[in-house]
Amino acid sequence: MKKIIAVTGCPTGIAHTFMAEEALKNAAKKMAIEIKVETNGASGVENAIAPSDLIDIAGVIIAADKDVSPDRFNGLPVIEVPVKEAIHHPTELINKILNGDAPIRKGTKAMSQEKIEKESFGRQIYKHLMSGVSNMLPFVVAGGILIAVSFLWGIYSADPNSPEYNAIAAMLMKIGQQAFSIMVPVFTAYIAYSISGRPGMVAGFVGGLLANATGAGFLGGIIAGFAAGYLMLWVKNRLEGLPRQYEGLKSIFIMPLIGVLVIGILMTLLGQPVAAINNGMMNWLASLQEANPILLGIVVGAMCSFDFGGPVNKAAYVTGTLLLGQGNYFFMAGVSAACITPPLVIALATTFFPKGFSEDERAAGIVNYILGGTHITEGAIPFAAKDPLRVIPMMMIASSISAVLSYSLHIQVPAPHGGFLILPLVSKPIAWVLCILAGSACGAIMLGSWRLWINRKQPVGSDTPLQARGQDATL
């Protein structure tokens, strides 16, 4: 039996990682192919690939949107794709390996090295960025929720001079703020780490601290992270000729000193200009929620449902977390509402339009109640993948309705994640739930009606429902 190795990983390590694993395993089982899949999830690496696993294999599939140490597969046939490719097209990926269409990593098979590098540069930039986001999110969620919980004793419960002051609330606020304050340095450090390994992490972390200190924030962190990563990669390559006895001097003294000095000077000079740009963007978004909440809601809703946890969705989410750090709790209300809506659309559609869905889809729909209620947008991916040109616009409309209503009612959500679990922290919890249900119901009606119409178009005498045949359901 032929054997294939695969590695999956998404920025958050919650849903896409394991959906890709399941898709690859199911496809390999149908093709009678042995496969081992390493997952790089939120809790770390599971089912890790050992050197012995690389003996007598047909090739490697890397389906990841963050750094998963691909250099260990140098010299082997390797396909590197976004994690969604493994979810949507697992059979095609396996066939490419079996047919010998996978290029040798760091080699020239199938295409020239120049072409490989040209095509993969943008992809590499995205992976480095998502590596930073992936490592930053636990700090954001933990810190943000602790800050939000402190408000249960009152908005000013952490202020010693306020009549609402409570020692427990003040302690939670302090812990949460510390976790939240390290968000940008961790983000910056792991971008640099993804590019150049440990040598880049020190310079990246210092660059992130200076981005915080100068007010350059998230935008400054991106600049510092990539600058630190590529600087240290260049320095590491220049010092490769040093004798091995100087390895300690190089790694502990020379490289950290050069990295911290250069990135420190860079961020000191760029800090204020970048801070001005950063503040201008944040102020514009903050003013838009007052001046034109409908436009803001449409934009945020469309972004959150465009790729269900992908880079566009993450751009809206990260913006919301940054505004949370500045004390703006209105923006996150729309972002969270828009992210919760897609899985609820699926859940409601499969419940109230059961004849439009297969038995497996109805079972998956029930799970989406839980996924939606806990702010896991990725639950909608399997349904959207079957007919993306129609389902994704429906989801974007539904999420936009939820976000527009949230902004119009001036609802505040002080926590960056948690879904309905954080309702006690929401300023208008019942209204917020109704906003989300309104958008979800509109989406469910559109999706359910569409699927029922598809079933009516099913050829007479066919034994298989169209919706159960995946892409055949499209017209």
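Remember, predicted model here, so these are calculated numbers, not experimental data. (Residues numbered from 1 in each chain as written. Predicted model: local features only at pLDDT ≥ 70, side-chain atom pairs only at ≥ 80, totals over all residues. Heavy atoms only, no water.)

So, on to the environment of Leu54. Within the secondary structure, Leu54 sits in the loop between strand 3 (44-46) and strand 4 (59-64). With 18 residues separating them in the primary sequence, Leu54 and Arg72 have C-alpha atoms 9.8 Å apart. (Helix = DSSP H or I, 4+ residues; strand = E, 2+ residues; numbered from the N terminus.)

According to UniProt, the positions carrying the feature "transmembrane region" (unreviewed entry) are residues 136-155, 175-193, 205-232, 252-270, 291-309, 329-353, 391-410 and 430-450. Segment residues 252-270 splits into 100% helix and 0% strand. End C-alpha atoms: 27 Å apart. Within residues 391-410, the helical portion is 90% and the strand portion 0%, while the C-alpha atoms at the span's ends are 29 Å from each other. (UniProt positions renumbered as here; feature names shortened; annotations may be inferred.)

Time to look at the pairing of strand 4. The buried fraction of strand 4 is high, at six of six residues. Residues of strand 4 alternate between two faces, with Gly59, Ile61 and Ala63 on one and Val60, Ile62 and Ala64 on the opposite face, all of them buried. Bridge count for strand 1 (residues 3-9) against strand 4 is six bridges, and the pairing is parallel. Bridge pairing in strand 4 places Gly9 opposite Ala64. Across four bridges, strand 4 lies against strand 5 (residues 78-81) in parallel orientation. (Buried < 20%, exposed > 50% of the residue type's maximum accessible area, 1.4 Å probe, protein only. Pairing = 2+ DSSP bridges.)

The volume enclosed by the second largest pocket comes to roughly 1400 Å³. As for the second largest pocket, its lining consists of 41 residues, and the residues nearest its centre are Ile87, Ile381, Pro382, Ala385 and Lys386. Elements represented by at least two residues in the lining of the second largest pocket include exactly helix 1 (16-30), helix 2 (83-88), helix 3 (90-98), helix 13 (359-373), helix 14 (381-386) and helix 15 (388-408). Grouping the amino acids of the lining of the second largest pocket by side-chain chemistry returns 21 nonpolar, nine polar and 11 charged. Residue-level mapping places the lining of the second largest pocket at the junction of two domains, with at least three residues from each of domain 1 (3-105) and domain 3 (292-456). (1 Å grid on protein atoms, 1.4 Å probe; cavity = no way out; pocket = protein on both sides within 12 Å on 5 of 7 lines; lining within 4 Å. Points joined across faces, edges and corners; volume = space filled by probe spheres on them. Nonpolar A, V, L, I, M, F, W, Y, C, P; charged D, E, K, R; others polar. Domains from an automatic or database assignment.)

Here we take up the nonpolar core. Ranked by size, the top nonpolar core spans 63 residues in total, and within it Met136, Val335 and Trp432 carry the most contacts. Broken down by element, the residue count for this core peaks at nine residues, all from helix 12 (residues 330-352). Both domain 2 (121-281) and domain 3 (292-456) contribute no fewer than three residues apiece to this core. Among residues more than four places away in sequence, those in contact with Met136 are Met183, Val186, Phe187, Phe218 and Val318. (Core = buried A, V, L, I, M, F, W, Y, C linked by side-chain atoms within 4.5 Å. Contact = heavy atoms within 4.5 Å.)

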